[in-house]
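So the chains spell out like this:
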Amino acid sequence: MLLAKIIAVAILVWFFLSAKEHEQQPFKWAIIGLIGYAITWEAAHLLTDKLTENRLVAATVPAAIATIGAFFIRVKLIADVKSDNI
């Protein structure tokens, strides 16, 4: 659980800085990134909780899946900015 919280803070900072880099609203992007991360983490956590009893797997796999989900959310936000600028 601590790993998920540390990554959540890193996601906030990552999205905030990405928004500033692309001249967008940084707080809006940070909230979008955090919500996307949290929803993905919860879904992955529910799935891994039912599939395994290994505590290490149950802690790290949802965080990894949620980080990948946040990456794709960021890619989509950046693509939307680039398509608006064309």
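Residues numbered from 1 in each chain as written. Predicted model: local features only at pLDDT ≥ 70, side-chain atom pairs only at ≥ 80, totals over all residues. Heavy atoms only, no water.

Visitor: Explain the overall build of the chain here, please?
Guide: The number of helices and strands found in the chain is three helices and zero strands. In the chain, the order of α-helices and β-strands from amino to carboxyl end is α-α-α. Overall, the chain is about 50 × 20 × 15 Å in size when its C-alpha atoms are taken along their principal axes. Pairs at least 24 residues apart make up 57% of the contacts formed inside the chain by residues separated by at least 6 positions. Carbon and sulfur atoms form 69% of the exposed surface of the chain, whose accessible area is close to 5,800 Å². When the 8 basic and 7 acidic side-chain charges of the chain are each reduced to a single mean position, those positions are 2 Å apart. (Helix = DSSP H or I, 4+ residues; strand = E, 2+ residues; numbered from the N terminus. Contact = heavy atoms within 4.5 Å. Areas by Shrake-Rupley, 256 points an atom, 1.4 Å probe, with all protein chains shown as cover. Lys, Arg positive; Asp, Glu negative; His and termini not counted. Charge placed at Lys NZ, Arg CZ, Asp CG, Glu CD.)

Visitor: What's the story with the packing of helix H1 (residues 2–21) against helix H2 (residues 26–51) in this structure? I'm lost.
Guide: Two measures define how a pair of helices packs: the angle their axes make with one another and the distance between the axes. Two numbers describe how H1 lies on H2: the axes approach to 8 Å, and their chain directions differ by 145°. In the packing of H1 onto H2, the handedness of the crossing is right-handed. In this structure, H1 contributes Ala4, Ile7, Ala8, Ile11, Leu12, Phe15, Phe16, Ser18, Ala19 and Lys20 to the contact, and H2 contributes Pro26, Phe27, Trp29, Ala30, Gly33, Leu34, Tyr37 and Trp41. Of the residues that constitute the contact of H1 with H2, the class distribution is 15 nonpolar, two polar and one charged. (Axes fitted to C-alpha atoms, helices over the stretch in contact; angles between N-to-C directions. Left-handed = near helix turned anticlockwise from the far one by under 90°. Nonpolar A, V, L, I, M, F, W, Y, C, P; charged D, E, K, R; others polar.)

Visitor: Would you explain the confidence of the model for the chain in this entry?
Guide: Interpretation of the predicted coordinates at a detailed level should be avoided for regions scoring low in pLDDT. For the chain, the average pLDDT comes to 93, and 99% of its residues sit at 70 or higher. Here helix H3 (residues 55–85) stands out as the element of the chain with the lowest mean pLDDT, 93, in contrast to H1, whose mean of 96 is the highest. (pLDDT = per-residue confidence, 0-100.)

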